[in-house]
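Okay, here's what each chain looks like letter by letter:
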Amino acid sequence: GAYRAVLTTPGGELPFGLDVAAEEGRFVLQLINGDERVRVSEVTVKDGTLHAIMPGYENSLSARVSGGRLEGQVSLLRADGERQALPFGAEIGQTWRFFEEPLTDNADVSGRWSVTFTDVAGTTSPGVAELTQLFGTVTGTILTPTGDHRYLAGEMRGDELHLSRFDGAQADLYRARLNERGDLVGEYWSGRFLHRRFVATRSADAVLDTSTVATALRDPGARFGFSFKDLDGQPVALSDPRFEGKVVIVTLAGSWCPTSHDEAAFLSGLHRKYRDQGLEVVALMFEHYREFPQAAAAVRRFRDKLGIEYVNLIAGASDLAAASRALPQLTGVHAYPTTI
């Protein structure tokens, strides 16, 4: 049935929709955030415990089943193979998100907003929010120079905005209030440790400057090259005969990165459409696991979920400095994915 699911975070309750259904004798979950429904089919129930692995990720959900209640935790893979646990609970028969009884007199936050985030060190970064509102229900996303925050869903309650997202990849929570000038002033939490304050100002013409995360060749006249191992441990180089005379798209990605999942869905279709005309795609995967066997297994899960038929190579650890060192011909790697 339908559940109201909640993760407990430093910012408070992070709600999301959860449907549980039986298909051919097995359970299937649907994670619901606004218009997005993420299907989770790798689910087992044994000795009163439900265990689910998120599609294409190394993240998981485990919960004890007790009547109409689920209690447990979500485990999120982080850099260097570390695990981050968030308490999880769900109640059957409830479909409200933040508030059981909505208000009828709510401020309107629909439209485009220019956002400034500030981290704990005082460093600022830009964003653009795109919000849609129907009565008290609010959906949308926040764009940043390195990617978007995907499907956010929540409510406007008076002058307070509440948005959340758990899609198997990230656990994001936003809380903000309209001030007397009409700005949204609030806080953003992701997982257990990332916390930023933000101010958003209404701006129909808000745009992002992505020049700070742009990547180029140090020597524009040089031939770009690399050699990394494929998932079977065999070296593959851009200079190999298989790529000669072809158009090659190279993407720097990670199986842990939801934006890389979105990009891979696009590149898979593009590759299938044009490979007979000479298009190749090579994904250089920078993984949270430093050990090759674990990294390769994570990438295989990523490939299976997205139906990838192009080449995936294990290129190194997921931090941006490691990617920059692995590809010294580039001016630097500032975001996943970066596409060349």
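Note that the structure is a prediction, hence the values are computed from the model and not measured. (Residues numbered from 1 in each chain as written. Predicted model: local features only at pLDDT ≥ 70, side-chain atom pairs only at ≥ 80, totals over all residues. Heavy atoms only, no water.)

Q: Just give me the short version of the overall build of the chain, but keep the residues and values in it.
A: The secondary structure content of the chain amounts to three helices and 24 strands. The globule rule puts the C-alpha radius of gyration for 340 residues at 20 Å, and the 21 Å found for the chain is close to it. Along the three orthogonal principal directions, the C-alpha set of the chain runs to about 65 × 55 × 40 Å. A buried classification covers 48% of the 340 residues belonging to the chain. Put simply, of all contacts in the chain between residues at least 6 apart along the chain, 53% involve residues at least 24 apart. Carbon and sulfur atoms provide 50% of the accessible area of the chain, an area that totals close to 16,400 Å². (Helix = DSSP H or I, 4+ residues; strand = E, 2+ residues; numbered from the N terminus. Rg over C-alpha atoms; globule rule 2.2 N^0.38 Å. Buried < 20%, exposed > 50% of the residue type's maximum accessible area, 1.4 Å probe, protein only. Contact = heavy atoms within 4.5 Å. Areas by Shrake-Rupley, 256 points an atom, 1.4 Å probe, with all protein chains shown as cover.)

Q: Account for helix α1 (residues 258-274), naming residues and giving values.
A: End to end, α1 covers 25 Å across 17 residues, agreeing with the expected 24 Å (1.5 Å per residue, within 8%). Every buried residue of α1 is accounted for by P258, T259, S260, H261, E263, A264, L267, S268 and H271. Close packing links the buried residues of α1 with β13 (147-148), β15 (160-166), β21 (247-253), β22 (279-287), α2 (292-306) and β24 (338-339). (Expected span 1.5 Å × (residues − 1).)

Q: Lay out the environment of Q234 in plain terms, naming residues and giving numbers.
A: Positionally, Q234 belongs in the loop between β19 (227-230) and β20 (235-237). Residues within four places of Q234 in sequence aside, it is in contact with F228 and K229.

Q: Before we move on, could you go through the packing of aromatic side chains and cite the residues and values that matter?
A: One pass over the structure, following the stated rule, counts 11 aromatic pairs. Judged by centre distance (5.8 Å) and plane angle (55°), the ring pair of F117 and Y188 falls under tilted. Residue F117 is found in strand β10 (residues 111-118), and its partner Y188 is found in strand β17 (residues 184-190); the two are separated by 71 residues along the sequence. The two residues F117 and Y188 agree in class, both being buried. An angle of 55° between the planes, with centres 5.9 Å apart, marks the rings of F117 and F198 as tilted. Here F198 lies in strand β18 (residues 194-202) and F117 lies in strand β10, a separation of 81 residues in the sequence. For F198, a relative accessible area of 7% gives the class buried. Grouping aromatic residues by their ring pairs yields a cluster made of F117, Y174, Y188 and F198. In this structure, R157 is placed above the aromatic ring of F99, and the distance from its NZ or CZ to the ring centre is 4.4 Å. (Phe/Tyr/Trp six-rings, centres within 6.5 Å; stacked < 30°, edge-to-face > 60°. Lys NZ or Arg CZ within 6 Å of the ring centre and 35° of its normal.)

Q: If you had to explain the pairing of strand β8 (residues 69-77) to someone new, which residues and values would you point to?
A: Pairing geometry for strand β7 (residues 60-66) and β8, over seven bridges, is antiparallel. Note on β8: the bridge partner recorded for S62 is Q73. Taking the residues that link successive antiparallel strands as the turn, the β7-β8 hairpin has two residues, and the phi of G67 there is positive, at about 60°. Inspection of the sheet shows β8 paired to strand β9 (residues 83-92) by nine bridges, in the antiparallel sense. Among the inter-strand pairings, Q73 is bridged to a residue of β9, identified as P87. Joining the antiparallel neighbours β8 and β9 is a turn of five residues, in which D80 adopts a positive phi near 65°. (Pairing = 2+ DSSP bridges.)

Q: Quick rundown of the sheet that holds strand β5 (residues 42-46)? Include the residues and the values.
A: Within the open sheet, the nine strands sit side by side as β4-β3-β2-β1-β9-β8-β7-β6-β5. Their pairing is antiparallel. One side of each edge strand has no neighbouring strand; the edge strands of this open sheet are β4 (36-40) and β5. Adjacent strand axes in the sheet meet at a mean angle of 25°, parallel and antiparallel pairs treated alike. (Axes fitted to C-alpha atoms, helices over the stretch in contact; angles between N-to-C directions.)

Q: Would you mind going over a nonpolar patch on the surface in detail, with residue names and values included?
A: Taken together, the side chains of F27, V45 and V65 define a hydrophobic patch exposed on the protein surface, amounting to about 230 Å² of accessible area. In this structure, V45 sits in strand β5. Assessed through its relative accessible area of 42%, V45 is described here as partly exposed. (Patch = residues over 30% accessible without salt bridge, like charges linked within 9 Å, V, L, I, M, F, W, Y side chains within 5 Å. Salt bridge = Lys/Arg side-chain N within 4 Å of Asp/Glu carboxyl O.)

Q: Outline the sheet that holds β19, listing residues and values.
A: The strands that make up a sheet pair up through hydrogen bonds in the backbone, lying either parallel or antiparallel. Across the sheet, six strands lie side by side as β20-β19-β23-β22-β21-β24; this open sheet has mixed pairing. Single-partner strands in this sheet number two, and they are β20 and β24. Note that β22 and strand β23 (residues 311-317) share six bridges and pair parallel. Among the inter-strand pairings, V282 is bridged to a residue of β23, identified as V311. Across the sheet, α1 touches β21, β22 and β24, and the angle it forms with β22 is around 160°. In the packing of α2 onto the sheet, contacts are made with β19, β22 and β23, and the angle to β23 comes to roughly 140°.

Taken by themselves, the reported measurements are silent on function.
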